[in-house]
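Structure at a glance
Now for the letters of each chain:
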Amino acid sequence: LESHLSAELFDEPMGLYVRKNKGKDHGLAIDMDGHLSVNGLQDALSIPVLALMQGRVAFNSEVVITDDPDDLDQVTMRSSLEGLDIALPAPLGKIRDERVPLKIGTYFNLTRGARLSIDYEKRLSVDVWFDGKTLPFYLTRGEVVLGGKQAILSKKSGVALRGEFNRFDWEPWQAARAKLS
C-alpha cells in the first residue's frame, strides 16, 4: 500500500505519501509536505492570534492511524517557521527570516483522550493530557513552560504553568493583548 497524491490545504499545495505504518502489522501512515500561509489560515479558522502573524511557511507532517484500540493515533507537524513574522514580545516573537523550529504533536484515542505537545525551541513548551470517553475532551493534567526547559506530562491532575526568564517586560505584552481585543 503506497500512493503519492497532491492536494490543497488552506489554499496551499501539499504533497501526500500514503503508506503502511512502519513497524506495525496494521494501520496507515500519511506523510505530508507543503506550505501554510497566515492568510489561508485566517480565511479558514477563527483564531485571534493569527492577526499578529504574517507570512508563509514550509511544513512536514505525519498522520498515523492504527486499528489497535490500545494504541494512540497521532498527528505530528514540524516547521522551521522561516518566512513567518510573529509580532509578539520576547520570547515568543520572531522575524520573518529567522529559523525557529516548531514541533507539534497530538496523540489521541477517542475512547481514552488526547495528548498535545508543543516544542517552540525553548521559547514555549506544552505537554498536556485531555481526558474523555467522548468529545469534547477535558484538560486534566500537564505542564506549560514559557522559556527554558521542556514541559513534562505529569501523572498528577492539574496543569502547572512555569516561566524561566532573564528579563520579562510586561508593557509589550499589554500592547499585543490590546491588538487582539
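Refer to the preceding data block for the structure.
Note that the structure is a prediction, hence the values are computed from the model and not measured.

Criteria and thresholds
- Residues take numbers from 1 onward in each chain, read along the sequence in its written order.
- Only residues with pLDDT of 70 or above have their local features reported here, since the model is predicted, and side-chain atom pairs are shown and tallied only from 80 upward, although totals for entire chains, interfaces and linings are computed over all residues.
- Note that water and hydrogens are dropped before the side-chain values are worked out from all heavy atoms of the structure.
- The set of buried Ala, Val, Leu, Ile, Met, Phe, Trp, Tyr and Cys residues whose side-chain atoms join them within 4.5 Å is what this entry labels a nonpolar core.
- For each residue, the accessible area found with a 1.4 Å probe, counting protein chains only, is set against the maximum for its type, and the residue is called buried under 20%, exposed over 50%, and partly exposed in between.
- By the criteria applied, helices consist of DSSP H or I runs no shorter than four residues and strands consist of E runs no shorter than two, each listed in order from the N terminus.
- We call two residues in contact when some of their heavy atoms are within 4.5 Å.
- Should DSSP find at least two bridges between two strands, the strands are regarded as paired.

A separate point is the nonpolar core. One finds Leu-84, Leu-88 and Tyr-120 to be the most contacted residues of the largest nonpolar core, which totals 27 residues. Counting residues per element, the ones that place at least two in this core are strand E2 (12-20), strand E3 (28-37), helix H1 (38-44), strand E4 (53-65), strand E6 (84-86), strand E8 (113-120), strand E9 (124-131) and helix H2 (170-180). Residues within four places of Tyr-120 in sequence aside, it is in contact with Leu-81, Ile-86, Leu-92, Gly-93, Lys-94, Val-100, Pro-101 and Leu-102.

Right, let's talk about the pairing of strand E7 (residues 102-109) for a bit. Sheet topology places strand E5 (residues 73-79) next to E7; 7 bridges connect them, and they run antiparallel. Residue Ser-79 lies in a different strand from E7, and its bridge partner there is Leu-102. As defined by bridge partners, E7 adjoins E8 across 7 bridges and the pair is classed as antiparallel. Bridge pairing links Tyr-107 to Arg-115 in E8. In this structure, the hairpin formed by E7 and E8 is closed by a connection of 3 residues.

Its place among the elements puts Val-100 in the loop between E6 and E7. On a C-alpha basis, the gap between Val-100 and Gln-174 in space is 24 Å, while along the polypeptide they are 74 residues apart. Every residue in contact with Val-100, bar those within four places of it in the chain, is listed here: Ser-79, Ser-80, Leu-81, Lys-94, Tyr-120, Glu-121 and Arg-123.

As for its position among the elements, Gln-174 is in helix H2. The exposure class assigned to Gln-174 is partly exposed, which follows from its relative accessible area of 33%.

Remember that the coordinates give geometry; whether it matters functionally is a separate question.
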